[in-house]
Amino acid sequence: MTMEAVPPAGANRPVLALHVPEPRFRPGDPVDFGFLTIPPAGAQPRPDETCAPAETFPLCTDLVRVLGDDDQAHGPWDPRLSADGMRTMLRLMAMVRVFDGRMYRLQRQGKTSFYLKCTGEEATSVAATMALDAGDMIFPSYRQQGCLIARDYPLLEMVNQIFSNRADKLKGRQLPILYSAREVNFFTISGNLATQLPQATGFAMASAIKGDSRIASAWVGEGSTAEGDFHNALTFAAVYNAPVVFAVVNNQWAISSFSGFAGAERTSFAARAIGYGIAGLKVDGNDALAVYAAHAWAADRARLNHGPTLIEYFTYRVEGHSTSDDPSVYRAADEGTGWPLGDPIARLSAHLIAIGEWSAEAHAAMLTELDGEVRTAIRAAEANGILGHGLHQPDTTMFEDVYETMPWHLREQMAQALHERAVKYPPEVQP
Amino acid sequence: MSTDEGAGRPMTMIEAINDALDIMLARDPDVVVLGEDIGFFGGVFRATAGLQAKHGKTRVFDTPISECGIIGVAVGMGAYGLRPVPEIQFADYIYPGLDQLISEAARLRYRSAAEFIAPMTVRTPFGGGIFGGQTHSQSPEALFTHVAGLKTVVPSTPHDAKGLLIAAIEDNDPVLFFEPKRLYNGPFDGYYDRPAKVWKGHADAVVPDGHYTIPLGKARTVREGEALTILAYGTMVHVASGVVESLGVDAEIIDLRTLVPLDIEAIEQSVRKTGRCLIVHEATRTSGFGAELSALVTERCFYHLEAPVERVTGFDTPYPHSLEWAYFPGPVRVGEAIERLLAAD
Ligand SMILES: Cc1ncc(C[n+]2csc(CCOP(=O)(O)OP(=O)(O)O)c2C)c(N)n1
Ligand SMILES: [Mg+2]
């Protein structure tokens with residue numbers, strides 16, 4: 001029985017109504033992002049890294065930008081990278097995109113079960129990682145392949161993991177793209193959202209307990225900020241002044257749910273920092289120089305014992321959520337092309353060209369070269385097997401690493417698994 | 001079992017679930033459906049497709065990505081008098097909601113002496129067989145059967161999915177409704193290397209029109225037999241049936257359908273008749289629901305048993321990606337257990 005739905009007579013109270021957020025555009029709608037306020041590049045002040053958190057609060061609802069429509073770098077956030085540094089950044093972002101394109105196709109060809117691109121968001125992982133030290137610990141979500149590529153993690157290892165083949169160092173256990181790469185200080189990726197955030201805080205606290213100089217940096221999608229772990233992470237980071245940098249990649253969508261379902265109708269994600277009393281920055285996520293500058297600012301701040309920063313990278317998820325998704329069912333087709341902050345690779349390339357350090361020809365040649373590198377890695381990985389074609393890890397690996405030493409019941413179950421394989425694939429048909 | 005059961009038509013399990021939700025939204029203004037991506041989009045498995053357009057945005061709506069929040073608000077809605085049907089996108093993602101489920105939903109009735117209840121039905125896809133890796137494949141039902149105050153339901157056919165879901169929604173206690181995702185679009189006998197089957201043409205895919213319920217706590221005898229009893233639920237009902245057919249064994253297969261409350265009578269009756277019992281589930285073995293079943297059968301049918309009770313389960317490891325079929329309790333594991341049970345005397 002529902003309690004009385006209508007106010008008692010005479011109460012003269014308004015009838016309550018539930019608000020359910022609705023995105024501006026659905027399939028078939030014309031797209032116009034005119035409602036977004038995009039401030040000019042260079043107009044945002046850059047407080048000192050050691051400033052009081054409150055000095056950053058206006059930046060939580062502003063947008064830190066460096067690259068202007070004139071393809072020049074502007075203002076105090078310009079990180080003044082060398083041309084070589086910017087070319088490296090460009091190359092790494094382009095590598096991520098080329099890699100994504102090839103991997104997506106391999107999934108479509110049935111060579112693996114799953115893939116997930118980060119098209120349009122390359123700067124948020126590549127440029128941010130470049131702003132960290134190699135020793136800083138990365139706690140990624142699943143869309144940060146750019147962090148690995150920026151740390152020169154071998155493509156071959158990535159493809160082996162994607163194929164779950166016999167050379168996959170994660171032994172075929174994990175869904176494709178849920179990498180782990182301790183050698184480049186990249187934490188094992190969970191499929192469960194936002195769990196990495198309190199872990200990053202804890203790692204940073206440990207570093208502080210030990211009087212170390214390493215910091216931690218964690219990434220999370222805007223949709224996942226709704227999870228309790230996001231708030232746990234920020235509370236602990238604020239309480240202990242932990243040396244950690246949180247990056248919320250606001251790509252506007254969480255599978256089919258627009259950012260309004262994580263609270264974006266009310267305020268920015270960066271503005272969550274205000275409630276916790278920590279530094280916050282909202283940054284043009286498609287501006288690689290702004291991303292680099294913001295992440296470097298926050299990393300320096302953490303290193304100087306001035307505590308955590310929450311950065312929102314404002315960007316757009318150009319592709320579907322993953323190979324399992326069809327975005328044309330729930331969002332307007334033209335959103336990607338209409339996105340007012342452009343493309344991070346095109347913008348940085350245009351900037352390098354504008355300052356006379358790059359050319360369209362060089363860009364085209366670079367793409368061909370990168371594609372060659374990716375194809376070489378794929379060929380090498382295919383020799384180690386693709387998903388479901390026999391060249392997988394031995395069945396015994398399924399039982400290893402559950403515990404440090406295998407208890408009796410797993411040893412029994414392992415024997416059963418080996419027996420079953422012998423029944424299913426007698427010696428004469430063993431792959 | 002039925003109230004106003006109509007003629008019926010073949011459906012997939014997804015369609016049957018969608019139909020149950022549609023009927024309950026239309027019949028009962030207190031029913032609300034909520035979850036990640038379930039509104040405009042209709043859910044990642046399309047279980048709620050079309051429901052928001054038909055019943056409106058305040059009856060069927062998307063939620064923030066917070067399983068704890070989803071279950072927590074469902075508790076509050078229940079306190080008001082609504083009958084929420086939250087979806088957790090994958091059972092693997094239910095863990096952030098455990099405190100609200102275990103400490104709150106399950107105990108509201110008890111701690112308030114029934115002043116407050118939590119009449120929610122948490123729908124969630126579970127089980128493997130889709131190369132989903134360890135975060136899209138788990139079978140965590142035993143975590144919930146262990147909690148006093150929660151009911152746990154697992155359908156294995158479109159017909160049962162609809163009737164059980166309606167019964168669950170109408171039930172005044174919190175129900176965990178685990179949907180075997182491998183069965184969404186067709187039955188699955190465990191032969192992963194053969195072409196996938198569809199529900200069309202399957203007897204249990206004929207779903208009556210309109211409202212009907214299958215009472216919680218009632219098992220279904222899939223097949224009568226004398227040689228042994230097989231207790232199964234979800235996907236494993238079909239795997240067991242396939243093996244029994246191919247071995248030509250006179251097994252009695254019981255689809256439990258509800259784990260809590262359990263149809264103990266059906267189990268006792270069958271095991272007393274056959275004297276042999278095989279328990280099959282996809283979930284990990286240690287402290288799995290099979291352990292409870294084995295204990296019950298041993299406690300209650302001990303003097304009728306002619307062989308030790310056997311369990312066939314998933315291995316006690318996280319669900320692996322590439323070795324999915326080595327992990328899965330498929331026809332070889334089930335078949336050998338049947339043969340062992342029949343050979344024992
Ligand atoms: C705890 C948990 N709940 C739900 C999911 C299912 N899921 C996977 S990705 C995703 C959307 C996340 O969106 P967002 O955080 O914005 O990241 P993006 O995909 O846009 O990078 C959801 C709901 C999950 N993986 N884990
Ligand atoms: Mg997102």
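Throughout this document, residue positions are counted from 1 along each chain, in the order its sequence is written. Each chain gets a letter, beginning with A, and each ligand a number, beginning with 1, in the order they are written. Since the coordinates come from a predicted model, pLDDT governs what is reported: local features require at least 70, and pairs of side-chain atoms require 80 or more to be given and counted, while whole-chain, interface and lining totals use all residues. With hydrogens and water excluded, all non-hydrogen atoms of the structure serve as input to the side-chain values.

### Remarks on the overall build of chain B
Secondary structure summary: chain B contains twelve helices and 14 strands in total. Each radius of gyration is computed over the set of C-alpha atoms, and the globule rule expresses the reference value as 2.2 Å times the number of residues to the power 0.38. Its C-alpha atoms give chain B a radius of gyration of 19 Å, within 12% of the compact-globule value 20 Å for 345 residues. C-alpha extents for chain B along the principal axes are approximately 60 × 45 × 45 Å. Partly exposed residues are those whose accessible area sits between 20% and 50% of the maximum for their type, while under 20% is buried and over 50% is exposed, using a 1.4 Å probe and protein chains only. Looking at chain B residue by residue over its 345 residues, the buried ones come to 66%. Residue pairs in contact within chain B that sit at least 24 positions apart in sequence constitute 79% of those at least 6 positions apart. Surface accessibility follows the Shrake-Rupley procedure with a 1.4 Å probe radius. Residue values consider only the protein chains on display as shielding. Here chain B has roughly 12000 Å² of accessible surface; of this, 53% comes from carbon and sulfur atoms. Residues counted as positive are Lys and Arg, residues counted as negative are Asp and Glu, and His and the chain ends are not counted. Where a charge lies is defined by one atom per residue type: Lys uses NZ, Arg uses CZ, Asp uses CG and Glu uses CD. When the 30 positive and 45 negative side-chain charges of chain B are each reduced to one mean point, those points stand 2 Å apart. Only DSSP runs of H or I reaching four residues or more are called helices, and only runs of E reaching two or more are called strands; each is numbered from the N terminus. What makes two residues a contact is simply this: any of their non-hydrogen atoms within 4.5 Å.

### Brief notes about the nonpolar core
Among buried residues, those of type Ala, Val, Leu, Ile, Met, Phe, Trp, Tyr and Cys that are joined through side-chain atoms within 4.5 Å constitute a nonpolar core. Counting residues in each nonpolar core, the largest one holds 80 residues, and the members touching the most others are A:Phe99, A:Met103, A:Tyr179, A:Phe186, A:Val283 and A:Leu348. Residues within four places of A:Tyr179 in sequence aside, it is in contact with A:Phe99, A:Gln145, A:Leu148, A:Met158, A:Gln161, A:Ile162, A:Leu170, A:Phe186, A:Phe187, A:Thr188 and A:Ile189. Formed by 68 residues, the second largest nonpolar core is a distinct cluster that contains B:Leu21, B:Ala161, B:Leu183 and B:Ile338.

### Overview of the coordination of the magnesium ion (ligand 2)
Residue and element names in this part refer to chain A. With water omitted from the atoms examined, metal sites may look incomplete; donors here are N, O and S atoms no farther than 2.8 Å from the metal, or 3.2 Å in the case of Na, K and Ca. All of the protein donors around the magnesium ion (ligand 2) are Glu-222 (OE), Asn-251 (OD1) and Trp-253 (O); their distances to the metal are 2.1 to 2.2 Å. In the primary structure, the donors to the magnesium ion (ligand 2) are separated according to the pattern E-x28-N-x1-W. Remark: Asn-251 occurs in the loop between strand E3 (244-250) and strand E4 (253-254) and Glu-222 occurs in the loop between strand E2 (216-221) and helix H7 (228-240); sequence separation between them is 29 residues. Residues Glu-222 and Asn-251 agree in their burial class; the two are buried.

### Observations concerning the interface of chain A and chain B
Taken residue by residue, the interface counts 54 residues in chain A and 46 residues in chain B. Between chain A and chain B lies a buried interface of about 4000 Å² when both sides are counted; carbon and sulfur atoms form 58% of it. One side-chain nitrogen of Lys or Arg within 4 Å of one carboxyl oxygen of Asp or Glu is enough to make a salt bridge. Put simply, chain A and chain B have two salt bridges between them. For B:Arg333, the salt bridge goes to A:Glu420, with nearest N and O atoms at 2.6 Å. Think of a polar contact as two N or O atoms within 3.5 Å of one another; within protein, one of them needs to be a possible hydrogen donor and the other a possible acceptor, and neighboring residues in sequence only count if both atoms come from side chains. Taken together, the connections running from chain A to chain B amount to 17 residue pairs in polar contact (both at pLDDT 80 or more). For the side of chain A that touches chain B, the leading source of residues is helix H13 (residues 408-424) of chain A, giving ten residues. Following the grouping adopted for this structure description, the nonpolar residues are Ala, Val, Leu, Ile, Met, Phe, Trp, Tyr, Cys and Pro, the charged ones are Asp, Glu, Lys and Arg, and the polar ones are all others, Gly among them. For the side of chain A that touches chain B, the per-class residue count stands at 25 nonpolar, 18 polar and eleven charged. Here the buried area means the combined drop in accessible surface, using a 1.4 Å probe, for two parts upon being joined, counting both sides.

### Comments concerning the packing of helix H9 (residues 264-274) of chain B against helix H10 (residues 289-301) of chain B
Residue and element names in this part refer to chain B. Where H9 meets H10, the closest approach of the two axes is 10 Å, and the angle between their N-to-C directions is 60°. One finds that H9 runs oblique with respect to H10. The two elements H9 and H10 cross, and the hand of that crossing is right-handed. Listed contacts from H10 to Ile-264, Ile-267, Glu-268, Val-271 and Arg-272 of H9 are Leu-293, Leu-296, Val-297, Arg-300 and Cys-301. In terms of residue class, the contact of H9 with H10 is built from seven nonpolar, no polar and three charged. Axis definition: a line fit to C-alpha positions, over the contact stretch in the case of helices; interaxial angles, taken between N-to-C directions, run 0 to 180 degrees. These descriptions rest on fixed angle ranges, namely under 35 degrees for roughly parallel, over 145 for roughly antiparallel, 65 to 115 for roughly perpendicular, and the rest for oblique. Note on convention: the crossing is left-handed when the near helix lies turned anticlockwise from the far helix by less than a right angle, right-handed when the turn is clockwise.

### Some points on unusual backbone geometry
With the exception of glycine, most residues fall at negative phi, and the peptide bonds are largely trans. Geometrically, the link from B:Val260 to B:Pro261 is a cis peptide bond, its omega value of -5° lying close to zero. Relative to the helices and strands, B:Pro261 is located in the loop between strand E12 (258-260) and H9.

### What about empty space enclosed by the protein?
Residues and elements named next belong to chain B. Definitions used throughout: a 1 Å grid over protein atoms alone; a cavity as a set of points that fits a 1.4 Å probe which cannot get out; a pocket as an open set with protein on both sides within 12 Å along at least five of seven lines; a lining residue as one with an atom within 4 Å of a point. Grid points are joined across faces, edges and corners, and a volume is the space filled by probe spheres set on the points. By the definition in use, this model includes six cavities of 30 Å³ or more. For the largest cavity, the full set of lining residues is Phe-126, Gly-127, Ser-139, Glu-141, Pro-180, Tyr-233, Thr-235, Met-236, His-281, Glu-282 and Ala-283. For the lining of the largest cavity, the secondary-structure elements that each account for two or more residues are helix H8 (235-247) and strand E13 (277-284). Considering every element that reaches the lining of the largest cavity, the biggest residue donor is E13, with three residues. For the lining of the largest cavity, a count of residues per class yields five nonpolar, four polar and two charged. Taken domain by domain, the makeup of the lining of the largest cavity includes at least three residues from each of domain 1 (9-183) and domain 2 (217-343). Segmentation of the chain into domains, including their bounds, is taken from an automatic or database domain assignment.

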